Amino acid sequence: MDQLSGLALPPTVEDRRSACPGLFRMAKALDGSICRVKLTFGDLNTDQARSVADAARRFGNGIIEITNRANLQIRGVRPETESSLIDALLMVGLGPLTDRGDDVRNVMISPIAGLNKSKIDVRPLSLRLLAALQTNATYQTLSPKFCVLVDGGESLAMVEHPHDLWLSPINPDDPSTRYAFGVAGVPPTKIDDQPALGSVDAEKAFDLITTLLDLFIDWNRHHPTASRLRHMIADIGTDSLVRRVEQRLDHRVRSEDLADWRRTLPQRNGHLGIQPDGDGSSWLVGAMPPLGRLNPDMLRSLADLADRHSNGKLRMTPWQSIFLPEVSTETAKRARADLESLGLTVDPQQPLATMISCSGSAGCGSALAATREDGLKLAALLREKTLVPQIHMSGCSKSCASPSAKPITLVATDPGHYDIFLRATNGPSRFGKLLAANVTIEEAAALIGENSGSGGPLHA
Ligand code: SF4
């Protein structure tokens with residue numbers, strides 16, 4: 001039986017390019033255009049960071065956001081400054097490999113991929129895939145939202161966000177392990193998650209991915225309004241997809257013994273504080289800017305910190321946070337304190353360490369409330385509470401800030417008012433179960449505070 005049955009092919013799908021910003025195609029918002037700057041695996045050197053900071057000040061409104069795919073976006077770009085902004089970013093090596101390669105450079109890996117020498121290193125495969133996506137004219141027709149997760153089984157990884165296609169090693173400690181794979185979802189971590197569709201030898205992983213891309217693009221020619229692999233699955237089903245893959249590759253990929261395989265759950269809040277870099281030779285120091293947003297001064301100061309503590313490197317993460325990588329044992333605590341003094345949060349107990357928000361009414365015409373201001377107010381009200389789960393503030397039900405349900409979601413209903421949802425695997429809403437409707441921020445803080453803590457029902 002098909003594993004992903006029940007999905008409906010949408011009658012219409014929005015124009016695949018207009019709503020999704022890129023470097024060369026900026027999306028219009030209430031506060032000006034948004035320029036998305038895609039980073040290879042979240043990495044930014046300090047020269048690039050200073051250039052982004054300067055460009056955001058000169059050509060935008062000074063707001064720099066970290067996205068949930070570990071990219072950056074510059075907000076408030078004025079029409080007359082768009083080309084100067086693009087030139088400034090290209091000058092520091094932040095462009096794609098080819099003119100038409102920007103939209104499709106969507107490959108996600110762990111921020112610690114390849115750092116632990118005793119584990120699988122997915123970076124060579126991921127770099128090869130990134131190059132193929134950008135240089136193969138056929139792949140450049142994919143939707144800007146089309147994304148691939150190449151998981152290495154690391155202890156620090158974002159495996160909650162659904163991807164069109166994912167790969168994950170069955171045993172990350174075994175260099176000869178096979179990769180499990182799936183489509184339109186996530187690597188299974190829980191008993192009721194969709195199991196993997198099959199597996200391939202590591203040396204065949206690239207061929208598997210390109211075969212799936214080729215099959216999708218062939219199907220897409222006859223279904224031009226569709227844009228994602230989930231639409232193809234809704235049409236043909238997973239059994240048919242796997243059969244087609246096996247025909248093209250001329251070998252079997254189905255593995256019945258994968259029905260019970262589950263990826264080990266990553267460390268909770270591993271993106272915060274001082275973390276081993278994998279083999280213990282140095283440290284990553286992670287921190288969250290308020291609601292994943294920076295201003296030019298903060299980004300310049302982070303570049304100074306990276307020069308001082310982490311060999312001139314900064315790494316963005318899909319938690320919308322920042323890592324200083326390669327920090328020595330001697331300076332790790334100093335680096336952590338320096339990040340806090342810039343206004344970033346490193347303590348996972350604090351609500352602002354994990355809270356995310358869309359732009360809200362300051363930047364989006366669909367927003368029913370000022371989510372960012374309300375989020376900061378909520379975080380201040382919850383400041384003394386312990387073990388508050390992650391909170392997502394959303395200006396409407398579209399959920400732009402998070403592709404997956406978070407433990408608590410506040411969805412705006414009116415200015416200053418929200419419905420509160422608690423994550424649940426079986427709905428009924430995409431956000432989970434409704435806890436309270438149309439409450440104020442003060443009422444939300446009281447409800448969340450009452451139920452948090454180690455024994456509270458909201459403790460996730
Ligand atoms: S979630 Fe809604 S309000 Fe927020 S940015 Fe997206 S469309 Fe706008």
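Residue positions within a chain follow its written sequence, with the count starting from 1. Restriction of local features to residues with pLDDT of at least 70 applies here, the model being predicted, together with a cutoff of 80 or more for giving and counting side-chain atom pairs; totals for whole chains, interfaces and linings are based on all residues.

Asks: When you look at the overall build of the protein chain in this model, what are you seeing that I'm missing?
Replies: Going along the chain from the N terminus, every DSSP run of H or I of four or more residues is numbered as a helix, and every run of E of two or more is numbered as a strand. Scanning the protein chain for helices and strands turns up 10 helices and 20 strands. The quantity called the radius of gyration is restricted to C-alpha atoms. Its globule counterpart is 2.2 Å times the number of residues to the power 0.38. Here the C-alpha atoms of the protein chain give a radius of gyration of 22 Å, agreeing with the 23 Å that 2.2 N^0.38 yields for 460 residues. Each residue is classed by its C-beta neighbour count within 10 Å, where at least 20 other C-beta atoms makes it buried, 12 or fewer makes it exposed, and intermediate counts make it partly exposed; the C-beta atoms are placed from backbone geometry. Buried residues in the protein chain amount to 48% of all 460 residues. Taking as baseline every contact in the protein chain between residues at least 6 positions apart, the subset at least 24 positions apart corresponds to 64%. Each residue gets a C-beta atom placed from its backbone, and two residues are in contact if those atoms lie within 7 Å.

Asks: Even after reading the chapter, I still don't get the domain arrangement of the protein chain, so can you show me in this structure?
Replies: Think of interface size as the accessible area that goes away when the parts come together; that is how it is often given. The split of the chain into domains comes from an automatic or database domain assignment. Under the domain assignment, the protein chain is made up of domain 1 (27–101 + 268–348), domain 2 (107–258) and domain 3 (352–451). The distance between the C-alpha centroids of domain 1 and domain 2 comes to 27 Å. Amino acid classes used here: Ala, Val, Leu, Ile, Met, Phe, Trp, Tyr, Cys and Pro are nonpolar; Asp, Glu, Lys and Arg are charged; the rest, including Gly, are polar. Classifying every residue of the side of domain 1 that touches domain 2 by side-chain character gives seven nonpolar, 10 polar and five charged.

Asks: How do you make sense of the sheet that holds strand 19 (residues 417–422) when you look at a structure like this?
Replies: For sheets, the rule is that strands pair by backbone hydrogen bonds, running either parallel or antiparallel. Here five strands make up an open sheet; going across it, the order is 16-17-18-19-20 and the pairing mixed. Here the strands that pair on one side only, and so sit at the sheet edges, are strand 16 (356–357) and strand 20 (433–440). Pairing between two strands requires that DSSP report at least two bridges joining them. Pairing geometry for strand 19 and strand 20, over five bridges, is antiparallel. Across the sheet, the residue bridging to Ile420 is Ala436, located in strand 20. Across the face of the sheet, helix 9 (residues 371–381) comes into contact with strand 16, strand 17 (391–394) and strand 18 (408–414) while running at roughly 150° to strand 17. Axes, fitted as lines to C-alpha atoms, cover a helix only where it is in contact. Angles between the N-to-C directions of the axes lie from 0 to 180 degrees. Against the sheet, helix 10 (residues 441–451) engages strand 18, strand 19 and strand 20, with an angle of about 140° to strand 20.

Asks: Looking at this model, I keep getting lost on the sheet that holds strand 6 (residues 107–108). Mind explaining?
Replies: Strand order in the open sheet formed by five strands is 6-7-8-9-10, and the pairing between neighbours is mixed. On the outer flanks of this sheet lie strand 6 and strand 10 (198–201), each paired with one strand and no other. Alignment of strand 6 against strand 7 (residues 148–150), held across two bridges, turns out to be parallel. Residue pairing for strand 7: Met108 is matched across the bridge by Leu149. Strand contacts of helix 5 (residues 229–236): strand 8 (163–169) and strand 9 (178–185), with the helix running at about 85° to strand 9, the strand carrying the most contacts.

Asks: Looking at this model, I keep getting lost on the pairing of strand 9. Mind explaining?
Replies: It is a general feature of regular strands that their side chains alternate between the two faces of the sheet. For strand 9, a buried count of eight out of eight residues is recorded, marking the element as mostly surrounded by other parts of the structure. Summarising the sheet, strand 8 and strand 9 pair through six bridges and their orientation is antiparallel. When the bridges of strand 9 are listed, Pro169 appears paired with Tyr179. Relative to strand 10, strand 9 runs antiparallel, the two sharing four bridges. The residue bridging Arg178 from the neighbouring strand is Asp201, located in strand 10.

Asks: Is there a simple way to think about the packing of helix 1 (residues 46–59) against helix 2 (residues 82–91) in this case?
Replies: Packed helix pairs are characterised by how far apart their axes lie and by the angle those axes make with each other. At a minimum axis distance of 10 Å, the contact between helix 1 and helix 2 shows a crossing angle of 175°. The pairing of helix 1 with helix 2 is recorded here as roughly antiparallel in orientation. Taken together, the residues of helix 2 that come into contact with helix 1 (itself represented by Ser51, Ala55 and Phe59) are Ser84, Leu85, Ala88 and Leu89. Its residues placed into classes, the contact of helix 1 with helix 2 shows five nonpolar, two polar and no charged. An angle below 35 degrees is treated as roughly parallel, one above 145 as roughly antiparallel, one from 65 to 115 as roughly perpendicular, and anything else as oblique.

Asks: Whenever I open this one, the environment of Leu378 confuses me. Can you help?
Replies: Structurally, the position occupied by Leu378 is in helix 9. Each C-alpha atom of the pair Leu378 and Asn220 lies 44 Å from the other, and the pair is 158 residues apart in sequence. Non-local contacts of Leu378, meaning those with residues more than four positions away in its chain, are made with Ile391, Ile441, Ala444 and Ala445.

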